[in-house]
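Inside the fold
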Amino acid sequence: MSTEAATREERKYWRIWAILISLPLLSLAAQQTGMGWLAILVSVVVMLTSTWFAVTTWMHVHLEPRFVPYLCLLGIAAMFLLFFMVAPDVMSHEGNNWQNRSADTPAHIERPVDPLAPPGAAAETHH
Amino acid sequence: MSGQIIATGRSAAGMPTGKLAVWMVIASEIPIFGGILAPYLMHRIGHPDWGQMAASLNVWIGTFNTGLLVTSSLFAMLAHAAAERGDGPLAAARLRLAAYGGLVFLCIKAYEWYAKISHDHVPQTGTFYGYYFSATGLHGIHILAGVAILLAIAAQAEKGKNLQRVELIGIYWHFVDVVWFFLFHIFYIIR
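Quick notes on the rules
- Residues numbered from 1 in each chain as written.
- Chains lettered and ligands numbered in written order.
- Predicted model: local features only at pLDDT ≥ 70, side-chain atom pairs only at ≥ 80, totals over all residues.
- Heavy atoms only, no water.
- Salt bridge = Lys/Arg side-chain N within 4 Å of Asp/Glu carboxyl O.
- Helix = DSSP H or I, 4+ residues; strand = E, 2+ residues; numbered from the N terminus.
- Buried < 20%, exposed > 50% of the residue type's maximum accessible area, 1.4 Å probe, protein only.
- Contact = heavy atoms within 4.5 Å.
- Polar contact = N/O pair within 3.5 Å; in protein donor to acceptor, adjacent residues only side chain to side chain.
- Nonpolar A, V, L, I, M, F, W, Y, C, P; charged D, E, K, R; others polar.
- Phe/Tyr/Trp six-rings, centres within 6.5 Å; stacked < 30°, edge-to-face > 60°.
- Core = buried A, V, L, I, M, F, W, Y, C linked by side-chain atoms within 4.5 Å.

**Side note on the pattern of salt bridges**
With the rule as written, the count across this model stands at 6 salt bridges over all chains. Between Glu167(B) and Lys19(B) there is a salt bridge; the shortest N-O distance is 3.0 Å. Taken together, the positions of Glu167(B) in helix H6 (residues 164-189) and Lys19(B) in helix H1 (residues 17-46) put the pair 148 residues apart, joining distant regions of the chain. Judged by relative accessible area, Glu167(B) falls into the partly exposed class, the value being 22%. Overall, Lys19(B) belongs to the buried group, its relative accessible area being 11%. For Lys109(B), the salt bridge is made with Glu112(B), and the minimal N-O distance between the two is 2.9 Å. Of the two residues, Lys109(B) and Glu112(B) both sit in helix H4 (residues 88-118), 3 residues apart, roughly one turn of that helix. Of the two residues, Lys109(B) and Glu112(B), neither departs from the other in class, the shared state being buried. Overlapping salt bridges bring together Glu10(A), Arg85(B) and Arg94(B) as one network.

**Section: the interface of chain B and chain A**
Between chain B and chain A, the residue contacts involve 56 residues of the former and 48 residues of the latter. At the boundary of chain B with chain A, the tally comes to 3 salt bridges. A salt bridge links Glu64(A) to Lys19(B); the nearest nitrogen and oxygen atoms lie 3.1 Å apart. The interface formed by chain B and chain A holds 7 residue pairs in polar contact (both at pLDDT 80 or more) in total. Mapped onto the side of chain B that touches chain A, the elements with two or more residues apiece are H1, helix H2 (50-54), helix H3 (59-84) and H6 of chain B. Looking at the side of chain B that touches chain A, the element that brings in the most residues is H1(B), giving 16 residues. When its residues are assigned to classes, the side of chain B that touches chain A shows 33 nonpolar, 16 polar and 7 charged.

**Quick notes on the packing of aromatic side chains**
All names here are of chain B. One pass over the full model with this rule turns up 18 aromatic pairs over all chains. Plain terms: the ring middles of phenylalanine 105 and tryptophan 180 are 5.0 Å apart, the flat faces sit at 90° to each other, and that makes the pair edge-to-face. With phenylalanine 105 in helix H4 and tryptophan 180 in helix H6, this pair connects stretches of sequence that are 75 residues apart. For the pair phenylalanine 105 and tryptophan 180, a shared accessibility class is recorded, and that class is buried. Ring-pair connections join several aromatic residues into one group, and the members of that group are Tyr40, Trp50, Trp113, Phe128, Tyr129, Tyr131, Tyr132, Phe133 and Phe187.

**Topic: the nonpolar core**
Judged by nonpolar contacts, the single largest core of 66 residues is most densely connected at Trp23(B), Ile26(B), Leu95(B), Phe128(B), Ile143(B), Phe187(B) and Tyr188(B). Only helix H2 (36-58) and helix H3 (67-91) of chain A together with H1, H2, H3, H4, helix H5 (127-158) and H6 of chain B provide two or more residues apiece to this core. It is H6(B) that provides the largest number of residues to this core, a total of 16 residues. Among the nonpolar cores identified, the runner-up in size contains 12 residues, and Tyr13(A), Ala54(A), Val70(B) and Leu74(B) belong to it.

Below, the structure written as C-alpha cells:
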C-alpha cells in the first residue's frame with residue numbers, strides 16, 4: 001500500500017470514529033428529552049447503525065469468506081431462538097393448562113432488600 | 001531450511017488460521033451475550049418499574065465510557081493500518097494506546113460498581129441489578145482479556161514479529177466495542 005493510500009485509509013477510519021462517537025450522543029439527546037418512546041426508537045436505530053459501521057468498516061466482515069457472516073448470523077439466530085422459545089412462558093402469565101399466579105403479583109417477587117432487617121428476615125418476606 | 005515453519009493459513013477455509021479462530025470465538029460469543037440480553041429484555045418489558053432502577057445508573061459515565069471504547073477501537077484500527085505497512089513500532093504504540101483506553105474503561109466501570117454497591121444496589125437487591133452486574137461484569141472480563149492480549153501482541157509487534165496478529169486482536173476488540181453499544185443503550189439509555 002502506498003503512503004498516500006495508507007493516509008487515505010487512516011482518514012477513513014477517523015471519519016468512522018467521528019460517526020461512532022456522534023451516534024451515542026444522539027441517543028443521549030433523545031433520552032434527555034424525557035420522551036420514552038423517542039429514546040427507544042433512537043436507541044434501536046443507533047444500536048443497529050453503530051453495529052453496521054463497526055462490523056463493515058472496522059471488522060471488514062464483507063471481505064471475509066462467505067461463511068464468516070453466516071457463522072455470526074448463526075449465533076444471532078441461536079439468540080432469537082432462545083428468546084422466542086422462552087418468551088411465551090416468561091412474558092405470559094397464563095397458557096394452556098397453566099397459570100403463573102406469582103407473576104400477577106410482582107410486588108411479591110421484586111422487593112428491595114431492607115438493609116436494616118435482621119438476617120434471614122428478607123428470605124422470609126419473599127415467601 | 002533451519003528456520004521454524006509456522007502454518008498461518010488453511011486452504012479449506014480460505015483464510016488465515018488465526019483469523020478463522022477469532023471469528024469462531026466471536027460467533028460463539030454472540031449467544032453468550034445474547035443469552036443475558038434476551039432474557040433481560042423479556043423481563044424488562046414485563047417490569048416497567050425497572051425504569052426507576054435504570055435511572056440510578058449514571059448515563060454521563062456510560063456515554064463517556066462509550067466514547068472511550070470507540071476511541072480505543074480506532075487506535076486498534078490504526079495499529080492494523082501501521083502493521084499492514086510493516087511498521088511494527090508504530091503498530092505497537094497504537095495497540096498500547098488501545099489497551100490503555102480499555103484499562104481506563106475498566107477503572108471507570110469499577111468506580112461505577114463501587115458507587116452502586118455502596119448504595120446497597122447489589123445483585124440481591126433486585127433482578128435488574130442482577131442483570132446489570134452480570135452483563136457488565138462479563139463484558140468487563142472480555143475487556144480485561146483484550147487488554148492483556150493487546151499488550152502481549154504490542155510487545156511482539158515492537159520487534160516486528162507476528163504483525164498479522166495485530167489485525168486479529170483488532171477484530172476481537174471491535175466486537176467488544178459492539179457489545180458495549182448494546183449494553184449502553186439497553187441499560188443506560190432505555191428507561
